[in-house]
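Working through the structure, step by step
The lines below spell out each chain.
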Amino acid sequence: ILLPLLSLAVIIGGSNFLKFQVLWVYITLFPFLFFTWGTASRYYYLASMGFIAILSYLFLNLYETSRNKTGKTLLALGLSLFIIMHIFFIEIRITKLYNQNRQIQSILDQLQRLHPHFPANSHLFFSGFSYDRKWGYAIRTVYRDPSLIVYRHLPAAHELNEISAPVFVFNYKDGLLKKNP
């Protein structure tokens, strides 16, 4: 509620630059705001440009209107702390993604050793590690087979009996991928 009210105040009484940037944020967010599934961070890139321009404008305005050296120093230190925090959080995210990719690569290598080829339309069930939708895409890409169906959970016995295509069940524990009989 606060953000739209603040945006409206900027559009009514702000400079042309700020008006443009606020509209930029909303226009670039609008195409995917109503998605019902999780959105990828790439959708926020264009909107973040407007947001950063607004922050930069506000910072520069505060810096230029500050009359004493202490106020300017505090603003500069605040901006420096903001930048350092972002670098720190980006580094944490990069490390997390790197570790996830190493785990996925290890699992894919083990899977290829266990099964160099899967029959078309195979159903693959995995348990023991967390993964997202990209995991199924990675398997289909490595095997060059878009017909593979990848599940994030182990099926109940009656679910397995209902599948007419080949079924493979795998469990990942302590760094090892094992095929369940």
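Preceding this section is the structure that the text describes.
In this report, we go over the structure that sits alongside the text. These numbers come from a predicted model, not from an experiment. (Residues numbered from 1 in each chain as written. Predicted model: local features only at pLDDT ≥ 70, side-chain atom pairs only at ≥ 80, totals over all residues. Heavy atoms only, no water.)

Focus: unusual backbone geometry
For the record, the criterion: A helix here means a DSSP run of H or I that spans at least four residues, while a strand means a run of E at least two residues long, and both kinds are numbered starting from the N terminus. Note on exposure labels: buried denotes an accessible area under 20% of the residue type's maximum, exposed denotes more than 50%, and partly exposed covers the range between, all computed with a 1.4 Å probe on protein chains only.
Phi at Asn121 takes a positive value of approximately 65°, unusual for a residue other than glycine. Along the chain, the position of Asn121 falls in the loop between α4 (69-114) and β1 (123-127). Phi at Asp174 is positive, roughly 55°, even though this residue is not glycine. Here Asp174 is to be found in the loop between β3 (167-173) and β4 (176-180). According to the relative accessible area criterion, Asp174 is exposed, its value standing at 73%.

Points about the nonpolar core
Threshold: Note on terminology: a nonpolar core comprises buried Ala, Val, Leu, Ile, Met, Phe, Trp, Tyr and Cys residues joined through side-chain atoms within 4.5 Å. Every residue pair with non-hydrogen atoms within 4.5 Å of one another is taken to be in contact.
With 17 residues, the main nonpolar core has Leu111, Phe118, Leu124, Phe126, Trp135, Ile139 and Phe170 as its most contacted residues. Counting residues per element, the ones that place at least two in this core are α4, β1, α5 (133-142) and β3. In contact with Trp135, not counting residues within four places along its chain, are Ile104, Ile107, Leu108, Phe126, Phe129 and Val150. Of all hydrophobic cores here, the second largest spans eight residues; its members include Val22, Val25, Leu29 and Phe32.

Let's talk about the packing of helix α3 (residues 45-65) against α4
The test is simple: Axes, fitted as lines to C-alpha atoms, cover a helix only where it is in contact. Angles between the N-to-C directions of the axes lie from 0 to 180 degrees. Small angles under 35 degrees read as roughly parallel and large ones over 145 as roughly antiparallel, with 65 to 115 read as roughly perpendicular and the rest as oblique. Residues are sorted three ways: Asp, Glu, Lys and Arg are charged, Ala, Val, Leu, Ile, Met, Phe, Trp, Tyr, Cys and Pro are nonpolar, and all the rest, Gly among them, are polar.
Interaxial distance between α3 and α4 falls to 9 Å at its minimum, and their mutual angle equals 155°. Looking at the two axes, α3 sits roughly antiparallel to α4. Where α3 abuts α4, its residues Leu55, Phe59, Leu62 and Tyr63 lie against Lys72, Leu75, Ala76, Leu79 and Phe82. Per-class residue counts for the contact of α3 with α4 are eight nonpolar, no polar and one charged.

Here's the deal with α4
For clarity, the threshold we go by: Take the residue count of a helix, subtract one, and multiply by 1.5 Å to get its expected span.
The first and last C-alpha atoms of α4 sit 67 Å apart over 46 residues, in line with the 68 Å expected at 1.5 Å per residue. Gly71, Ile107, Leu108, Gln110 and Leu111 are the residues of α4 that are buried.

Examining a positive patch on the surface
Using the following cut-off: Exposure above 30% relative accessible area and no salt bridge define the residues that can form patches, which grow by joining like charges within 9 Å and nonpolar side chains of Val, Leu, Ile, Met, Phe, Trp and Tyr within 5 Å. Throughout, the Shrake-Rupley method with a 1.4 Å probe supplies accessible areas, and for residues the shown protein chains are the sole cover considered. A carboxyl oxygen of Asp or Glu within 4 Å of a side-chain nitrogen of Lys or Arg is what we treat as a salt bridge. Neither His nor the chain ends contribute to the count of charged residues, in which Lys and Arg are positive and Asp and Glu negative. For charged residues, the charge sits on one atom: NZ in Lys, CZ in Arg, CG in Asp, CD in Glu.
A cluster of basic residues, Arg42, Arg93, Lys96 and Lys134, forms a positive patch on the protein surface. Tracing the backbone through its elements, the reader meets Arg93 in helix α4. Residue classification places Arg93 among the exposed positions, given a relative accessible area of 53%.

What about the packing of helix α2 (residues 16-29) against α3?
Formally: Crossing handedness: left-handed means the near helix sits turned counterclockwise from the far one by under a right angle, and right-handed means the same turn made clockwise.
Where α2 meets α3, the axes come as close as 7 Å, and the angle between the chain directions of the two elements is 155°. Viewed along their axes, α2 and α3 adopt a mutual orientation that is roughly antiparallel. As α2 runs across α3, the sense of the crossing is left-handed. Every residue of α3 that contacts α2 at Phe17, Leu18, Gln21, Val22, Trp24, Val25, Thr28 and Leu29 is listed here: Leu46, Ala47, Met49, Gly50, Phe51, Ala53, Ile54, Tyr57 and Leu58. Its residues assigned to classes, the contact of α2 with α3 shows 14 nonpolar, three polar and no charged.

Looking at the pairing of β3
Consecutive side chains of a regular strand alternate in pointing toward one face of the sheet and then the other. Definition in use: Between any two strands, pairing holds if DSSP finds at least two bridges.
Relative to β3, β1 runs parallel, the two being bridged by five bridges. Paired with Phe126 across the strands is Phe170, a residue of β3. Pairing geometry for β3 and β4, over five bridges, is antiparallel. Within β4, the residue paired with Val169 across the bridge is Asn180.

Details of the packing of aromatic side chains
To keep things clear, this is the line we draw: Under the pairing criterion, centres of Phe, Tyr and Trp rings, with the six-membered ring standing for Trp, must be within 6.5 Å; the plane angle then separates stacked pairs below 30 degrees from edge-to-face pairs above 60, leaving the rest tilted.
According to the stated counting rule, one finds nine aromatic pairs in the structure shown. Between the aromatic rings of Phe88 and Phe89, the centroid separation amounts to 5.5 Å while the plane-to-plane angle is 65°, which identifies the pairing as edge-to-face. Since its relative accessible area comes to 49%, Phe89 is described here as partly exposed. Between Phe125 and Tyr151, the aromatic rings sit 4.3 Å apart at their centres with planes inclined by 5°, giving stacked as the arrangement. Of this pair, Phe125 sits in strand β1 while Tyr151 is found in strand β2 (residues 149-151), placing the two residues 26 residues apart along the sequence. On the accessibility criterion, Phe125 (3% relative accessible area) is buried. For Tyr151, a relative accessible area of 24% puts it in the partly exposed group.

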